[in-house]
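Topology and contacts: notes
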Amino acid sequence: MKRIRFWGTRGSLPVALTAAQVREKLLAALRGASGRVFASDAEIDTYLAGLRFPVSGTYGGHTSCVEIETGGSAYVLCDLGSGVRPFGQAAVARHGAGSPQTYHIFMSHLHWDHIMGLPFFTPAYIPGNRIHIYGSHAGLEAALRRQQDQPSFPVDFSIFRASIEFVHLEPGKPYDVAGMTVTTKLQRHGGDSYGYRFESNGRTIIYSTDSEHKLTDPEETKGFVAFFRDADVVVFDAMYSLADAISIKADWGHSSNVVGVELCQMAGARHLCLFHHEPSSGDEAIEGALQEARRLEEITRNGAPLRVSAAYDGMEIEV
Amino acid sequence: MLFSSRRFADVVVASPVGRIDHGSAGPFEGALLPLLAQLNIDEVALLLDFSGVEYISSVGLRVLMAAAKQARAQESSIAIAGLQPIVAEIFGISRFDRILDVYPSVADALGQLSAPALEAFNAVKDPSAT
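Quick summary incoming for the structure in this document. (Residues numbered from 1 in each chain as written. Chains lettered and ligands numbered in written order. Predicted model: local features only at pLDDT ≥ 70, side-chain atom pairs only at ≥ 80, totals over all residues. Heavy atoms only, no water.)

Turning our attention to the overall build of chain A. Helices and strands together make up the secondary structure of chain A, namely 10 helices and 14 strands. Against the compact-globule benchmark of 20 Å for 319 residues, chain A has a radius of gyration of 20 Å, which places it among compact chains. Dimensions of chain A, computed from C-alpha atoms along their principal axes, come out at roughly 60 × 50 × 40 Å. The buried share among the 319 residues of chain A stands at 53%. Taking the average location of the 29 positive side-chain charges in chain A and that of its 37 negative ones, the two points are 3 Å from each other. (Helix = DSSP H or I, 4+ residues; strand = E, 2+ residues; numbered from the N terminus. Rg over C-alpha atoms; globule rule 2.2 N^0.38 Å. Buried < 20%, exposed > 50% of the residue type's maximum accessible area, 1.4 Å probe, protein only. Lys, Arg positive; Asp, Glu negative; His and termini not counted. Charge placed at Lys NZ, Arg CZ, Asp CG, Glu CD.)

Structure (structure tokens):
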């Protein structure tokens, strides 16, 4: 495994920046540049690179879709949120329609925000492409077909011209796919969700979204610590603050930056990536949660440092 | 984790000492339960003096949340005072400072919760004041 590329990082519902929010960013950038003269685009790039991310960028708005670049020829994705649309367009632009590709897609669960991108996944419409969709839910295929039934979508599942195969994964059982060992784990979420552990060439990536961790049952906690053990990267559902996650949003099936830091520290993981951002959170709020998670890691560190980042659409992590 | 409590008029001040983490949250909860059961029977409030608490994990915070819910259900109250700087940061990061009543010191808290309790507390601190 070489890198992770994020195509969709938002939880529950896609969001877009408003004109007013873009204007705020421009104002902040222009205020910072007041009095400066840029002799070239390179100098502008240098200036932009020095801005805080909430000013120069955005945490993005597509729902869950994460690519794992394995170094092999096949594509590997986690979830079919709206982020799979730009992924598919990029893949088609790269290979063209006449060069069939293989896609391995691992589904955390079947809630709408994790499946809504499939009808807009261009490679599914191209004959010759091979798409393998993996998951531990019995209703995986039915859920993906149902969302394209009338009156929800104008064309049904039979419109796809790619070869599409559904593969059921038994939780806890390791499978060899695309040069990786893949294991799933049941997570606490309405209708169940499954976390993924991907291992290859001594590297480990965890994809664990839509999972509420109460950490009150020692055996359950021990199970997740073992699942996250020594991971190079843990992509983690940090949708709410801890206070919200255990009060007004208790049992909504999501976790916090605080619990992410705690679990990764217990597991000896190296990199926690906050993911599945709350749709009502703006860029400053997500940046705040990131900085606070980093501070929490710093004041509670009891071993090697844990790197903490917050995923945004387009972000890449070298593994 | 050590735990002691003392009554000042109609407020019980409980003083946990040490770390409230995944290993000690259970005993912390066990120590709180009998005090919560007395709320609104003999006392109006439970005040947690956190000046001796060095660290609290999410599980410990979850115990506080459950205690606050129970206190509210009993139409009583729970408050926390004297956070050490690290614990105050954890309260801020977790947003617990927004959902629990947190005071700089025990005296500040008692001043808000109960005048008789503050008077009793000050009398213990300075016996000549009685």
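Text resumes after the structure shown.
With that out of the way, let us pick up the interface of chain B and chain A. Many descriptions give the size of an interface as the accessible area lost when the pieces come together. Facing 18 residues of chain B, the contacting portion of chain A comprises 18 residues. When chain B packs against chain A, the two sides together hide about 1600 Å² of surface, and 65% of this comes from carbon and sulfur. Together, B:S58, B:R62 and B:I93 form the three largest contributors to the area buried by chain B at its contact with chain A, with a combined 40%. For the interface between chain B and chain A, the tally reads two salt bridges. Across the pair B:R95 and A:E292 runs a salt bridge whose closest N-O atoms are separated by 3.0 Å. Applying the counting rule to chain B against chain A returns five residue pairs in polar contact (both at pLDDT 80 or more). By residue class, the composition of the side of chain B that touches chain A is nine nonpolar, five polar and four charged. (Contact = heavy atoms within 4.5 Å. Buried area = accessible area lost by both parts, 1.4 Å probe. Salt bridge = Lys/Arg side-chain N within 4 Å of Asp/Glu carboxyl O. Polar contact = N/O pair within 3.5 Å; in protein donor to acceptor, adjacent residues only side chain to side chain. Nonpolar A, V, L, I, M, F, W, Y, C, P; charged D, E, K, R; others polar.)

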